Amino acid sequence: MTREELKAAAVAMLDRAYVPYSHFPVGAALECSDGTVFTGCNIENASYTPTICAERTAVSKAVSEGHRDFVRIVIAGRSEDFCVPCGVCRQVLREFAPDLEIICLNGAGEERVFTLPELLPHSFGPEYLL
Ligand code: THU
């Protein structure tokens, strides 16, 4: 999948987002080193706390299908601001891909690119426990 196709896959997931409370849809497309792509959207809940972000939906789909080797993720939102990953998602992505490329899109389709170490410096990961 090309970079533009990966971005389009994340944007397409905005329509799948279940966001009756925040009205803030997020779409994600997570690419693995073998080219496999897992998409995700945010899924909210009336009890609020069980809400899962788009990025973690994509990671859950990937890991449960046997994929852990992630190379980049596109995160799409509809607001003026670039949709950056929340702190919890940064930590979850860190578990599997400490050097992940993170492409954040705003509603106009403009992008800002980060690396995970930029967004989560001095991070805690699995190697601390080995
Ligand atoms: N959200 C995501 O899906 N990803 C993020 O990294 C930021 C926040 C969702 C969670 C919630 O459904 C809505 O955006 C508002 O916080």
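Everything here concerns the structure above.
Residues numbered from 1 in each chain as written. Predicted model: local features only at pLDDT ≥ 70, side-chain atom pairs only at ≥ 80, totals over all residues. Heavy atoms only, no water.

Participant: Describe the overall build of the chain, listing the residues and the values that go with them.
Facilitator: A tally of regular secondary structure across the chain gives 4 helices and 5 strands. Along the chain, from the amino end to the carboxyl end, the secondary structure elements read α-β-β-α-β-α-β-β-α. Taking 2.2 N^0.38 as the reference for a compact globule, 130 residues should give roughly 14 Å; the C-alpha atoms of the chain span a radius of gyration of 14 Å, in line with that estimate. The principal-axis extent of the C-alpha atoms belonging to the chain is close to 40 × 35 × 30 Å. Within the chain, counting contacts between residues at least 6 apart in sequence, those at least 24 apart form 59% of the total. About 7000 Å² of surface is accessible on the chain, with carbon and sulfur atoms providing 54% of the total. Side-chain charges in the chain split into 11 positive and 18 negative, and the spacing between the mean points of these groups amounts to 2 Å. (Helix = DSSP H or I, 4+ residues; strand = E, 2+ residues; numbered from the N terminus. Rg over C-alpha atoms; globule rule 2.2 N^0.38 Å. Contact = heavy atoms within 4.5 Å. Areas by Shrake-Rupley, 256 points an atom, 1.4 Å probe, with all protein chains shown as cover. Lys, Arg positive; Asp, Glu negative; His and termini not counted. Charge placed at Lys NZ, Arg CZ, Asp CG, Glu CD.)

Participant: Which residues make up the site of the ligand, and what values go with them?
Facilitator: Taken together, Ser22, Phe24, Val26, Asn42, Glu44, Thr51, Cys53, Ala54, Glu55, Val84, Pro85 and Cys86 make up all the residues around the ligand. One of the backbone nitrogen or oxygen atoms of Ala54 is found 3.0 Å away from an oxygen atom of the ligand. Between the ligand and Glu55 there is a distance of 2.6 Å, counted from an oxygen atom to a side-chain nitrogen or oxygen. For the ligand, the accessible surface in isolation is 370 Å², of which the surrounding protein chains cover 79%. Of the residues contributing to the shell around the ligand, the split by class is 7 nonpolar, 3 polar and 2 charged. (Near = heavy atom within 4 Å. Polar contact = N/O pair within 3.5 Å; in protein donor to acceptor, adjacent residues only side chain to side chain. Nonpolar A, V, L, I, M, F, W, Y, C, P; charged D, E, K, R; others polar.)

Participant: Pulling in residues and values, what's your account of a nonpolar patch on the surface?
Facilitator: Taken together, the side chains of Tyr18, Tyr21, Ile43 and Tyr48 present a nonpolar region at the surface, about 440 Å² in accessible area. Relative to the helices and strands, Ile43 resides in the loop between strand 2 (37-41) and helix 2 (54-64). Since its relative accessible area comes to 37%, Ile43 is described here as partly exposed. (Patch = residues over 30% accessible without salt bridge, like charges linked within 9 Å, V, L, I, M, F, W, Y side chains within 5 Å. Salt bridge = Lys/Arg side-chain N within 4 Å of Asp/Glu carboxyl O. Buried < 20%, exposed > 50% of the residue type's maximum accessible area, 1.4 Å probe, protein only.)

Participant: Lay out the side chain of Glu55 in plain terms, naming residues and giving numbers.
Facilitator: Mapped onto the secondary structure, Glu55 falls in helix 2. Of the side chains with opposite charge, Arg56 comes closest to the buried, unpaired Glu55, at an N-O distance of 6.5 Å. Apart from residues lying up to four places away in sequence, Glu55 is in contact with Val26, Ala28, Ile73, Ile75, Pro85, Cys86 and Cys89.

Participant: Account for the nonpolar core, naming residues and giving values.
Facilitator: In globular proteins that are soluble, nonpolar side chains generally tend to be buried together. Leu30, Phe70, Ile73, Ile75, Leu93, Leu100 and Ile102 are the most contacted members of the largest nonpolar core, which has 21 residues in total. Those elements giving two or more residues to this core turn out to be strand 1 (26-32), helix 2, strand 3 (70-77), strand 4 (101-105) and helix 4 (116-119). Beyond its immediate chain neighbours, meaning those up to four positions away, Leu30 contacts Thr36, Val37, Phe38, Ala58, Val59, Ala62, Phe70, Arg72, Ile73 and Leu93. Residues Ala9, Leu14, Val74 and Leu105 belong to the second largest nonpolar core, which totals 9 residues. (Core = buried A, V, L, I, M, F, W, Y, C linked by side-chain atoms within 4.5 Å.)

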